[in-house]
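Report on the structure
So the chains spell out like this:
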Amino acid sequence: MPDPDVDLIHRYRPAVERSLLPTLLTVTEQHIVRYANPAFCGLPVMSPELPAEVSFPSLFQGAEALRALLDRVFRDGVTDMAADVALGRPGGRAFHGTAIVAPLLDERARQRGLVVQILDTTEQVMARAREAQAARDVQEANEKLIVAGIREQELADRANQSAAELRALLDVVSQGVAVFGATGEVVLVNPAGRAKLGLSGARPTLDDYRRCDFRHLDGTPLDFEQEVLSRVMRGEPFADEDEVLLHRPDGAVRHIVLSGGVVRDAQGRVALAMNLYRDVTQVRELEQVREQCMSLITHDLRSTMSAAMYAAELIKIGRPADNVQMLAEKILRSMSRMDEMSRTLLDVQRLRAGHRLPLLLGACDIVAIARDVIDDLASFHDQRVALRGEARVEGIWSAGELRRAISNLASNALKYGATGAPVIITVEKTSDRAAVAVHNEGPPIAPEDQARLFAPFVRTRAAVAGGQRGWGLGLTFVHGCAEAHGGRVTLESSAERGTTFTLELPLDARPYQQPG
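Here is a short report on the structure shown in this document. (Residues numbered from 1 in each chain as written. Predicted model: local features only at pLDDT ≥ 70, side-chain atom pairs only at ≥ 80, totals over all residues. Heavy atoms only, no water.)

Along the backbone of the chain there are 14 helices and 18 strands. The buried share of the chain, taken over its 516 residues, is 39%. Intrachain contacts of the chain at a sequence separation of at least 6 include 56% that bridge at least 24 residues. Accessible surface for the chain amounts to roughly 29100 Å². Of this, 54% is attributable to carbon and sulfur atoms. (Helix = DSSP H or I, 4+ residues; strand = E, 2+ residues; numbered from the N terminus. Buried < 20%, exposed > 50% of the residue type's maximum accessible area, 1.4 Å probe, protein only. Contact = heavy atoms within 4.5 Å. Areas by Shrake-Rupley, 256 points an atom, 1.4 Å probe, with all protein chains shown as cover.)

Scanning all chains against the criterion turns up three aromatic pairs. On the numbers, 6.3 Å between centres and 85° between planes, the contact of Phe-454 with Phe-501 is edge-to-face. Remark: Phe-501 occurs in strand β18 (residues 498-506) and Phe-454 occurs in the loop between α12 (447-450) and α13 (461-466); sequence separation between them is 47 residues. Since its relative accessible area comes to 19%, Phe-454 is described here as buried. These aromatic residues form a ring-pair network of at least three members: Phe-40, Phe-56 and Phe-60. We note Arg-404 situated over the ring of Phe-477; from NZ or CZ to the ring centre the distance is 4.0 Å. (Phe/Tyr/Trp six-rings, centres within 6.5 Å; stacked < 30°, edge-to-face > 60°. Lys NZ or Arg CZ within 6 Å of the ring centre and 35° of its normal.)

Attention now moves to the side chain of Ser-493. Within the secondary structure, Ser-493 sits in strand β17 (residues 488-494). One polar contact links the side chain of Ser-493 to the main-chain amide nitrogen of Ile-445, over a distance of 2.8 Å. A distance of 2.8 Å separates polar atoms of two side chains, one belonging to Ser-493 and the other to Thr-499. Those residues in contact with Ser-493, other than ones at most four positions away along the chain, are Pro-444, Ile-445, Gln-450, Gly-498 and Thr-499. (Polar contact = N/O pair within 3.5 Å; in protein donor to acceptor, adjacent residues only side chain to side chain.)

Before going further, it helps to examine the side chain of Asp-106. Secondary-structure assignment places Asp-106 in the loop between β4 (94-105) and β5 (111-120). A distance of 3.0 Å separates a polar side-chain atom of Asp-106 from the backbone nitrogen of Arg-108. Within the structure, the side chain of Asp-106 is placed 2.7 Å from the backbone nitrogen of Arg-110, a separation counted as a polar contact. Excluding residues that lie within four positions of it along the chain, Asp-106 makes contacts with Leu-8, Arg-11 and Arg-112.

The structure is reproduced here in C-alpha cells:
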C-alpha cells in the first residue's frame, strides 16, 4: 500500500527544491524532517545532509521557542511565525533566524505536516546588537562626559577658590612673592613684592625684572634671569642663602635676601616657580649701628678706666701731694661712671632676655628726683633745663631707676634738640598716676624711627648722620623702667610742636612686681 506521506512530499518537493529560501517539509506531530532543500542545507550552521527520520527541533539546542511554534501551527492549522529565534547547533555553532511555519495539506485539505521556512537574520540581529551596544556605549560616554564635566567644573571652582585664597594670603604677607610659569613668564607678584622692587604696574612682566638693578654684595651686577630665575626653574630650591643689593630708581639701596622653590606636576615637571625676597635692610642697618655702639661702649669704658688708673698712678708715686683729694674724687667719679655704664649694659641685657628690671621700691618724691637731675645737668648745660608742674608728687617707686630714666630723657633732649633752646620737664599728677614729660624744640624724629626707637642699639638716622655719640641703649632702659613700674613711655614728635617723651607711672608700683 503506498505511503501517503511520501506522495505528499513528492508533490511539494519540486516547488520547495526550487525555492531560494531555506525550506523543509515535516510530517507527524513529532515534526519528522522528510525533505530539506539545498538552501536550508547550505545554511552556515547546517550539514550538507540531514540524518534520516530526525525531528526538526532536535537539530538545535535550546529550541523550545521553535518547538512551541511548530506545535501551535500543527495543532491550529494556522500559519504563524517567530522572529529572530536563536538556534544553536552542537559544537557551539549558532545563528538567528525568523521561522515561518505553514500547514502541509494533502489533496483532501487534511493537515499531514508542516512547511517550515527559516530566514537567516544573524547579520541583522548582530547589527542591531552592535547598534544597541553602540547606543549603550554612547549613553555611557555621555554620562561619563556629564560626570567629567561636573567634576571638571567642581575642580575649576575649587581651583578658582584656592587661587583666590592664595591671592588673598599673598596680599597680606610682608615678604615679596613672585610666581613664574613653566616657561618663565610672570604669573603673579604680590603687593609687597611690587613695593619692594619698585614695580609700578599691577601685572609686572619679565622685562620689568630685567630692568631691576640687582647687584652682588661686592657691587658687581647680578643677572636675575640667569642667576636666580633659571636656577629656580631647574628645580634647585634655596632658602635665605643669597643676599643681594637692589639699587632702586629713587637712589635707595636695599638689602634683599632671595629664596625660592618649585611646584611640580604629576609627571614631575616644573609647573610653577616661586621666588621670595625678604628686605633685610633694617636688620643690616641695626647690625651696623650695634657694631658702632659696641665699639663706642668699649671706648667709653676704656677711657673712664684709663682716667681712674692715671689718677691712681699719680697718688701712688706721691705726685703732686697737695692734689690727692682732687685725684681721689676723680677716681670716684670715673668708677661711678663705669658702674653706671655696666649697670646699663646689664639692665639692657636683662630686658633683651625678656625679664623685667629688678626694683628697690620705696616712698619717694618724683619732683625732687627731677630737680636733682636738673642740678646735675646744670654744671654741663648751664640752666637750659627747667622744671614745671606740681610742687610735690609722692609715690612708691624705685628712686634710683627713675633718676636714671629721667636723666636719659633730659640728656637726649639736650643732645638732639635745638641748640641753645630750653628743655622743659613737666611733672603732673592724677588720682592714681603720675606723669613726667620731657620736651625739647628742634627737628622732629622721623615716623619710621619712632616705631623702633625703644629697641636696643637703635639710633635715629638723623643722629647717626649728625655724628652725635650715643650707645642706643638709653631709651631701651627708659622703656624697661616704665614697664617694671607698671607704667609706659610715649613719644610725640612733630616739626610744629617739637618732641615730647612722657613717662607715665602708677602712684604705687608694688602691685606690678613679679613674685620672686
